[in-house]
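One letter stands for each residue in the lines below.
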Amino acid sequence: MELLGSPLRTPYTQPRSTPTKFLPPIPTASSLQNRFPPSPLPNSFSSPWMPRVTKPTLGPAPRSSQRLTPREALPPISHQTALSTRYTPGDWYRSNLTNYKRSETARHTAECLTADSSRLIQDKYQQTRKTQAESTKNLGQRVNDIMFWKSELRCEHDKMVEETNALTGMKERLERALANTEAPLQVTQECLLLREKRMGIDLVCDDVEKQLFVELDIIRSCQERMRRHLEQAEAQLASNRLAQHDVERDLANKQAAHRIDEQCQQLRNTSTGISYFRGVERVDATISVPESWANFTDKNILRSQSERAASAKLRDSIESLLVLTDKQMQHQFNCVNLAFTQRIAEMADAKRKIQAQLSKTLQEMFHLERSIEAIQKAIRDKGFPLKVAQTRLDKRIRRPKMELCRDPAQLRLVSEVCEINETIQSLQQRLRDSEDVLQRLVHNKSALEHELVVKSTSLFIDQEKCLAMRKTFPSTGRLLGYV
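What you see is a predicted model; the values in this text were computed from it and never measured.

Rules behind the numbers
Residues numbered from 1 in each chain as written. Predicted model: local features only at pLDDT ≥ 70, side-chain atom pairs only at ≥ 80, totals over all residues. Heavy atoms only, no water. Helix = DSSP H or I, 4+ residues; strand = E, 2+ residues; numbered from the N terminus. Contact = heavy atoms within 4.5 Å. Areas by Shrake-Rupley, 256 points an atom, 1.4 Å probe, with all protein chains shown as cover. Salt bridge = Lys/Arg side-chain N within 4 Å of Asp/Glu carboxyl O. Buried < 20%, exposed > 50% of the residue type's maximum accessible area, 1.4 Å probe, protein only. Axes fitted to C-alpha atoms, helices over the stretch in contact; angles between N-to-C directions. Parallel < 35°, antiparallel > 145°, perpendicular 65-115°, else oblique. Left-handed = near helix turned anticlockwise from the far one by under 90°. Nonpolar A, V, L, I, M, F, W, Y, C, P; charged D, E, K, R; others polar. pLDDT = per-residue confidence, 0-100. Phe/Tyr/Trp six-rings, centres within 6.5 Å; stacked < 30°, edge-to-face > 60°. Core = buried A, V, L, I, M, F, W, Y, C linked by side-chain atoms within 4.5 Å.

Novice: Break down the overall build of the protein chain for me, citing the residues and quoting the values.
Specialist: In terms of regular secondary structure, the protein chain is built from 10 helices and zero strands. Counted from the first residue to the last, the protein chain has its helices and strands arranged as α-α-α-α-α-α-α-α-α-α. Nonlocal contacts in the protein chain, meaning residues at least 24 apart in sequence, comprise 90% of its contacts between residues at least 6 apart. Of the roughly 33,800 Å² that the protein chain leaves accessible, carbon and sulfur atoms contribute 56%.

So this is what it looks like as structure tokens:
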């Protein structure tokens, strides 16, 4: 049995043997020309096995011979010449037998060639059908492989689009949250600037100011972390889009290849649009093998999965940052408000005490002024008795001679004048002391009034300005970026 597709070994492909000569040797024309004169034979007597007789070259016939009859035109043939140009019956039979065998050989060769050709046609037909079926099967497997990778790429593409949209939404939330931290930052800075307008002793680094500086540091630290995460989100979005672009390009190539291979798989011998493309089998435009082809798509999918994992991790980090930012800022906001409340209560209590001291001071000043007026009246009242006593002494100095006696009346008048002067001096001293005390009370009153203004100013700044502004602190939804 011969293998399919191997060349057939047929008898007609073998080198032909030299046929056996059955005819006797025929003398050449040159040897007979010496014994017999040449005579032309008709064309019907020529045969391949007959000797070639040289035809004499005839010149132009004379005009007299053109009117001769055929009988008269042929030269006379002798019996010796006729016998020399004939073959024997044995030669004739052998020649026929040779022709029969040659014909049978040729016919047998033709029959073998026809049978071998039919068998070759059938074998090549089956081989072509088998090859075409294998090619169609391979194309079908290739189409299935492409469809598998297409589904994987499409699934990965959908997941990447979803992840990119989720990261974009998270980035927008982070941007809104970052923008919403500007208002608390401005409020904190405004509170610090307003508290710089406090006066006197109230310009103190109290717990409120410490908490405000802590809040300022927390807000700036949160903003800095938000900006870093924004940069990371932008870089991750660029990586996601690049991986998505590679997946989309690979998916588009897979779709084009699937369409082409599916068309190739559906082509049949009876399909329209098929044609000859000479030399196309010698054109090698391939740039990959199945392993590298599958690895290329697998790398694209693995890269996309890696970028998706990094994107999801970044989203979780941003979510944690937003929650932590909201927690820290809300906690510090409450701490600052509590410090403000306590400080306002302290200043209100100090203001009440100052007001009480001022009220007492004013009352004491009133009493002291009344006392001074009484002392001044008492001093004025002592003038008339002093005048009386001094007038008496002056008149008694003008008594005559011995009447100028240091009698008890004289002594009493002298002591009376001395007592009145001492009384006036003591009252004047008391008046000076009272005026000094009143002056100190006035000074204290001014100091208390100034302190009252200072406390009122500080209380107005903390209560009416700062605490009023802090009522508009962003809600949790704003700090989480939902609004």
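And the narrative resumes.
Novice: For the pattern of salt bridges, give the residues involved together with the corresponding values.
Specialist: Enumeration over the complete set of coordinates arrives at 28 salt bridges. Two residues, Arg-249 and Asp-246, come together in a salt bridge whose shortest N-O distance is 3.2 Å. Here Arg-249 and its partner Asp-246 are both found in helix 6 (residues 207-266), three residues apart, which amounts to about one turn of the helix. A relative accessible area of 10% places Asp-246 in the buried class. A salt bridge links Lys-455 to Glu-451; the shortest N-O distance between them is 3.0 Å.

Novice: Now, about the packing of helix 4 (residues 89-180) against helix 6: what can you tell me, with residues and values included?
Specialist: Look at helix 4 against helix 6: their axes get within 8 Å of each other, and the N-to-C directions meet at 160°. In terms of orientation, helix 4 and helix 6 fall into the roughly antiparallel class. In the packing of helix 4 onto helix 6, the handedness of the crossing is left-handed. Residue classes in the contact of helix 4 with helix 6 are distributed as 21 nonpolar, 13 polar and 13 charged.

Novice: Go over the confidence of the model for the protein chain, please, and point to the residues and values.
Specialist: Summing up the model confidence of the protein chain, the mean pLDDT is 83 and the portion of residues at 70 or higher is 82%. Mean pLDDT across the elements of the protein chain ranges from a minimum in helix 1 (residues 29-33), with 41, to a maximum in helix 6, with 94. Low pLDDT, under 50, characterises residues 1-66; the stretch is placed with 40 contacts to residues that sit more than four places away or in other chains.

Novice: An account of unusual backbone geometry is needed here, citing residue identities and associated values.
Specialist: At Lys-401, a residue that is not glycine, the phi angle is positive and equals roughly 35°. Here Lys-401 is to be found in the loop between helix 8 (383-397) and helix 9 (408-469). A relative accessible area of 75% places Lys-401 in the exposed class.

Novice: Summarise the side chain of Arg-195; cite the residues concerned and give the values.
Specialist: Along the chain, Arg-195 turns up in helix 5 (residues 182-195). Setting aside anything within four residues of it in sequence, one finds Arg-195 in contact with Leu-203, Val-204, Asp-206, Val-208, Glu-209, Leu-212, Phe-340, Ile-461, Asp-462 and Cys-466.

Novice: Run through the packing of aromatic side chains, naming residues and quoting values.
Specialist: One pair of aromatic rings is described through two measures. These are the centre distance and the angle between the planes. Taken as a whole, this structure holds two aromatic pairs when the rule is applied. Ring geometry for Trp-92 versus Tyr-93: centroids 4.8 Å apart, planes at 75°, classification edge-to-face. Between the aromatic rings of Phe-148 and Trp-149, the centroid separation amounts to 5.2 Å while the plane-to-plane angle is 70°, which identifies the pairing as edge-to-face. A relative accessible area of 42% means that Phe-148 is categorised as partly exposed. Residue Trp-149 is classed as buried on the basis of its relative accessible area, which comes to 14%.

Novice: Which residues make up the packing of helix 4 against helix 7 (residues 290-381), and what are the values?
Specialist: It is the contact of helix 4 with helix 7, at a shortest axis distance of 9 Å, that shows an interaxial angle of 20°. Relative to helix 7, the element helix 4 lies roughly parallel. Both helix 4 and helix 7 take part in a crossing whose hand is left-handed. In the contact of helix 4 with helix 7, the residues fall into 16 nonpolar, four polar and 12 charged.

Novice: Please provide a residue-by-residue account of the nonpolar core, values included.
Specialist: The biggest cluster of nonpolar side chains holds 20 residues, and the ones touching the most others in it are Cys-191, Val-208, Leu-212, Met-329, Phe-340, Cys-466 and Phe-473. Counting residues per element, the ones that place at least two in this core are helix 5, helix 6, helix 7 and helix 9. For this core, the element with the most residues is helix 6, which contributes six residues. Residues contacting Cys-466, with those up to four places away along its chain left out, are Cys-191, Leu-194, Arg-195, Phe-340 and Ile-461. Judged by nonpolar contacts, the second largest core, of 17 residues, contains Ile-375, Leu-386, Leu-431 and Leu-438.

Novice: Give a description of the environment of Asp-206 that names residues and reports values.
Specialist: Relative to the elements of secondary structure, Asp-206 occurs in the loop between helix 5 and helix 6. For Asp-206 and Ala-339, which are 133 residues apart along the polypeptide, the C-alpha to C-alpha distance reads 9.1 Å. What Asp-206 contacts, discounting residues up to four positions off in sequence, is Arg-195, Arg-198 and Arg-343.

Novice: Describe the environment of Thr-136, naming the residues involved and giving the relevant values.
Specialist: Relative to the helices and strands, Thr-136 is located in helix 4. Overall, Thr-136 belongs to the partly exposed group, its relative accessible area being 21%. Other than its neighbours up to four places away in sequence, Thr-136 contacts Gln-265 and Arg-268.

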